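Chain residues, written in single-letter form:
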Amino acid sequence: MDLQLQDKLVVVTGSTGGIGKGIATSFLREGATVIINGRSEERVQSVTEELSAIGKVHGIAADLSNGEQADVFIGKVKGYGAVDVLVNNMGIFEVMDFTNVTDEEWMHYFNMNVLSVIRLSRAFLPDMLEQNSGRILTISSEAGVKPLPHMIPYSVSKSALISLSRGMAELAKGTNVTVNSVLPGPTWTEGVESYMKGAAEAANQELEKFTADYFKDSEPTSLIQRYATVEEVADTVVFLASKQASAINGTAQRVEGGIIRAL
Ligand code: NAD
């Protein structure tokens, strides 16, 4: 299937590692030009060099939880031309004890996981509407519809992204612009590796055993009973960005191996 993504300009936030880097790689394989982002100049530069072996890459370092840095990022992106696909991937997650989460920590989650997405989406959606084409894809989580008791701030932030995406899709009604959220389940990344340490500690278990028994003990409703791969999530995102997916709009696309036990 030709996904017709050649030479499209794609922005992927938080793409120096994990799912974001996987998404960037999959777009590059389809011939798109990709803007890589992460917080550290050094890491952005090294990943940009690494991915240049596959296709055309530009790197822009910015902490998107910071409004001023996000504005500078947006300006630099616009310098490369009209954005065809915005992938809001960057997000943080960790185990937290609900009763001890402070107001500041709640605000931090909102800023990192929600406002970062709002900042970029409100900058690029109007341009997409004007050019009557474009895709906004936001990485939410299965936790956005199945809140996790040990990750309530994360779950709330991911629910907000589903609502935000649907709201923006309503704004794009009748155009060729689509806006969707994507709900991965447990996917093996560096971020998950460090999450597992916290989760094992909270469950008072050895890390190795906790990780090995994770699906049996912690995610019994998963139908695949394994971590998804970064590539499985990335390829779903790339498909949603394609012309072939133009009738998929305003949805929360699950890539969670069937963990959500609802029709
Ligand atoms: P990760 O921690 O492995 O990678 C995150 C990336 O974001 C890194 O490149 C990091 O440098 C970058 N980043 C972090 N803070 C940033 C900031 N302030 N500004 C710019 N870049 C920043 O994470 P991951 O597991 O790949 O997760 C990526 C997304 O997928 C997140 O939104 C996460 O919530 C979501 N998700 C992950 C899983 C999973 O199991 N891995 C499941 C559901 C949803």
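Rules used in this analysis
- Residues numbered from 1 in each chain as written.
- Predicted model: local features only at pLDDT ≥ 70, side-chain atom pairs only at ≥ 80, totals over all residues.
- Heavy atoms only, no water.
- UniProt positions renumbered as here; feature names shortened; annotations may be inferred.
- Helix = DSSP H or I, 4+ residues; strand = E, 2+ residues; numbered from the N terminus.
- Buried < 20%, exposed > 50% of the residue type's maximum accessible area, 1.4 Å probe, protein only.
- Lys, Arg positive; Asp, Glu negative; His and termini not counted.
- Salt bridge = Lys/Arg side-chain N within 4 Å of Asp/Glu carboxyl O.
- Polar contact = N/O pair within 3.5 Å; in protein donor to acceptor, adjacent residues only side chain to side chain.
- Contact = heavy atoms within 4.5 Å.
- Expected span 1.5 Å × (residues − 1).
- 1 Å grid on protein atoms, 1.4 Å probe; cavity = no way out; pocket = protein on both sides within 12 Å on 5 of 7 lines; lining within 4 Å.
- Points joined across faces, edges and corners; volume = space filled by probe spheres on them.
- Nonpolar A, V, L, I, M, F, W, Y, C, P; charged D, E, K, R; others polar.

- By the naming in an unreviewed UniProt entry, the protein chain goes by NAD(P)-dependent dehydrogenase, short-chain alcohol dehydrogenase family and is assigned to Terribacillus halophilus.
- Listed under Sequence similarities (unreviewed entry) in UniProt, the entry text for the protein chain is "Belongs to the short-chain dehydrogenases/reductases (SDR) family."

1. Points about the side chain of Asp 84
Stage number 1. Mapped onto the elements of the fold, Asp 84 is located in the loop between helix H3 (67-78) and strand S4 (85-88).
Stage number 2. Buried and without a salt bridge, Asp 84 has Lys 8 as its closest oppositely charged side chain, separated by 4.6 Å.
Stage number 3. Within the structure, Asp 84 has its side chain in polar contact with the backbone nitrogen of Leu 9 (distance 2.7 Å).
Stage number 4. Setting aside chain neighbours within four positions, we find Asp 84 in contact with Asp 7, Lys 8, Leu 9, Met 128, Gln 131, Gly 134 and Arg 135.

2. Structural notes on unusual backbone geometry
Stage number 1. Of note in this structure, Asn 132 is not a glycine but carries a positive phi near 55°.
Stage number 2. Judged by its relative accessible area of 34%, Asn 132 is partly exposed.
Stage number 3. Within the chain, Gln 225 stands out as a residue other than glycine whose phi angle is a positive 50°.
Stage number 4. Examined against the element boundaries, Gln 225 turns out to sit in the loop between helix H8 (214-218) and helix H9 (230-241).

3. Here we look at helix H5 (residues 152-171)
Stage number 1. Look at H5: 29 Å from first C-alpha to last across 20 residues, which is about the 28 Å you get at 1.5 Å a residue.
Stage number 2. For H5, the elements touching its buried residues are helix H4 (103-131), strand S5 (134-139), strand S6 (177-184) and strand S7 (252-255).

4. Quick word on empty space enclosed by the protein
Stage number 1. Within this structure, the stated rule accounts for 1 cavity of 30 Å³ or more.
Stage number 2. Roughly 40 Å³ of volume is contained in the largest cavity.
Stage number 3. In terms of residue class, the lining of the largest cavity is made up of 6 nonpolar, 3 polar and 2 charged.

5. Comments concerning the side chain of Ser 26
Stage number 1. Relative to the elements of secondary structure, Ser 26 occurs in helix H1 (residues 18-29).
Stage number 2. Sequence-distant contacts of Ser 26, that is, excluding residues within four places in its chain, are made with Ala 234, Asp 235 and Val 238.

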